[in-house]
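Per-entry structural report
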Amino acid sequence: MKLPAIRDFLENEAAAGIALMIASAVALVWANSAAAPLYEALLALPVTVTAGGVGLDKPLILWINDGMMAVFFLVVGLEIKREVLAGELSNRSKAMLPGIAAVGGMAAPALVYAACNWGDPVTMQGWAIPAATDIAFAVGVLALLGSRVPSSLRIFLLALAIMDDLGAIVIIAAFYSHGIVPMALGFAAIAGLGLFWMNLIGVRRLTPYMLLGFVLWVCVLKSGIHATLAGVALAFAIPLRADAPNRAEDEREDSPLHRLEHALHPWVAFLILPVFALANAGVSLSGITPSSLAEPVPLGIALGLFAGKQLGVLLASWLAIRLRLSALPAGANWMQFYGVAVLTGIGFTMSLFIGTLAFPDPEHAVAVRLGVLAGSIASALFGYGLLYAAGASRATRMAEEAR
């Protein structure tokens, strides 16, 4: 991905972050207003889709979390494939620092959560909740800082968040799939093989992929593996190469992958993610006291996001730079880098989503939302403060040098 394309992407993500913040605020106000019963009733509204006597009957909240979020993961998969094959992550030296930082940034929060919930096998199921970064929110905060943050740090955050998403996909597949149905899984495997076969024989039209992708999603939904993984499998099968195999890389903007990503990105950024936030960020604050945050689940999530994320990213990056495996992003100092490390603790969308998988029962839902909101807000405010101060000192130093 070339620098102008990255700037365009970041600008879109900034707007998406603002939309996500607005949807989250609306959810919080709605869940604590006189219209709160309407909020709960709307999420529990049964929605049935049938075709030929066969159908799916689920409450609205599950259509959002299992259906709409599958499209989100489709876009995530497209971004990962593009970056690995032809973007920033295709260069080993450029991918080294965000890759190492992402590993540290996923391991440390999980350890912090485990330390807060050790000995309780039920609450330990949420160990992965604070492990992922919400790119839309994080880049939205960066956008508020403007030129105070070097573009190299923005690109670093984007690459780290993409690798975080890949790690989250692996975690969901490995640890949050239950009650496997062999027959449905077999049909899903056949559909997946069909997708990759179309790629191998050179099918470049998107319609066959989308139709078979829908079949794959239904089979995965019925198989016991989380349905959002169907979106990732479909993304990895979409061809990156355009119709002419010998075309230059810069001329591949009309490839199936680019076309689909550009078509879906606005819908995901400005509809799917805000709707997900609206449906999952509504926390009733009734009866919640400061001591509620000291309970193991919200404490583990909040500390994992705020303390674990920044500690893991910073230590892993420092070791990589110290061992000369990589270098600090160009034009950035350690205080600015630390500020970006803090922003990785904004786990909002992915943390809430993993929370719904770890604790499908309503008993822990409020605790998960409380911990995610507390950790994400603290990371956003502290990270913004650090980067603002670092940007101000940098501007002062440059002005003195100019004089």
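These lines cover the structure that appears in this document, whether it is placed above or below. (Residues numbered from 1 in each chain as written. Predicted model: local features only at pLDDT ≥ 70, side-chain atom pairs only at ≥ 80, totals over all residues. Heavy atoms only, no water.)

**Looking at the overall build of the chain**
When its secondary structure is counted, the chain shows 14 helices and 2 strands. Every one of the 403 residues in the chain was classed for burial, and the buried ones make up 52%. Within the chain, counting contacts between residues at least 6 apart in sequence, those at least 24 apart form 81% of the total. In the form shown here, the chain has an accessible surface area of approximately 18000 Å², with 70% of it arising from carbon and sulfur atoms. (Helix = DSSP H or I, 4+ residues; strand = E, 2+ residues; numbered from the N terminus. Buried < 20%, exposed > 50% of the residue type's maximum accessible area, 1.4 Å probe, protein only. Contact = heavy atoms within 4.5 Å. Areas by Shrake-Rupley, 256 points an atom, 1.4 Å probe, with all protein chains shown as cover.)

**Section: helix α3 (residues 60-86)**
The end-to-end C-alpha separation of α3 is 38 Å, in line with the 39 Å expected for 27 residues at 1.5 Å each. Of all the bends in α3, the greatest, near 35 degrees, is centred on M69. Counted residue by residue, α3 has 21 buried out of 27 residues, so it is predominantly covered. (Expected span 1.5 Å × (residues − 1). Bend = angle between axes of the 7 residues up to and from the residue.)

**Details of the side chain of S317**
Among the secondary structure elements, S317 is positioned in helix α11 (residues 296-322). The class for S317 is buried, based on a relative accessible area of 0%.

**Points about the environment of V215**
Inspection of the secondary structure assignment puts V215 in helix α8 (residues 206-223). Separated by 24 residues in the primary sequence, V215 and A191 have C-alpha atoms spaced 7.0 Å apart.

**With respect to the packing of aromatic side chains**
Centre-to-centre distance and the angle between the planes together describe a pair of aromatic rings. All chains considered together, the criterion is met by 12 aromatic pairs. Summarising the aromatic geometry, the rings of W334 and F337 are spaced 5.6 Å apart at their centres and angled 75 degrees between planes, so their arrangement reads as edge-to-face. Within this pair, W334 and its partner F337 are both found in helix α12 (residues 334-343), separated by 3 residues, close to a single helical turn. Feature note: the residues F72, F73, F276 and F353 constitute an aromatic cluster, connected by ring pairs. (Phe/Tyr/Trp six-rings, centres within 6.5 Å; stacked < 30°, edge-to-face > 60°.)

**Remarks on the environment of R92**
Position of R92 relative to the elements: it lies in helix α4 (residues 92-117). By relative accessible area, R92 is classed as exposed at 66%. C-alpha separation for the pair R92 and S326, spaced 234 residues apart in sequence, amounts to 9.9 Å.

**Re the side chain of T133**
Relative to the elements of secondary structure, T133 occurs in the loop between α4 and α5 (135-145). Polar side-chain contacts of T133 include one of 2.8 Å to the side chain of D164. Polar side-chain contacts of T133 include one of 3.4 Å to the side chain of K309. Contact partners of T133, with chain neighbours within four places excluded, come to A138, L160, D164, D165, K309, T344, I346, G347 and M350. (Polar contact = N/O pair within 3.5 Å; in protein donor to acceptor, adjacent residues only side chain to side chain.)

**Some details on the nonpolar core**
By size, the foremost hydrophobic cluster in this structure holds 114 residues, and its most contacted members are F72, F73 and F348. Filtering out sequence-adjacent residues up to four positions away, F72 remains in contact with V268, I272, L273 and M350. (Core = buried A, V, L, I, M, F, W, Y, C linked by side-chain atoms within 4.5 Å.)

**Some words on the environment of F156**
Take F156: it is sitting in helix α6 (residues 151-175). For the pair F156 and L328, spaced 172 residues apart in sequence, the C-alpha separation works out to 9.9 Å.

**Structural notes on the pattern of salt bridges**
In the structure shown here, the tally under the stated rule is 2 salt bridges. Across the pair R82 and E261 runs a salt bridge, and its minimum N-O distance is 2.5 Å. Of this pair, R82 sits in helix α3 while E261 sits in helix α10 (residues 256-280), and the two are 179 residues apart along the sequence. In this pair, the class of R82 matches that of E261, namely buried. (Salt bridge = Lys/Arg side-chain N within 4 Å of Asp/Glu carboxyl O.)

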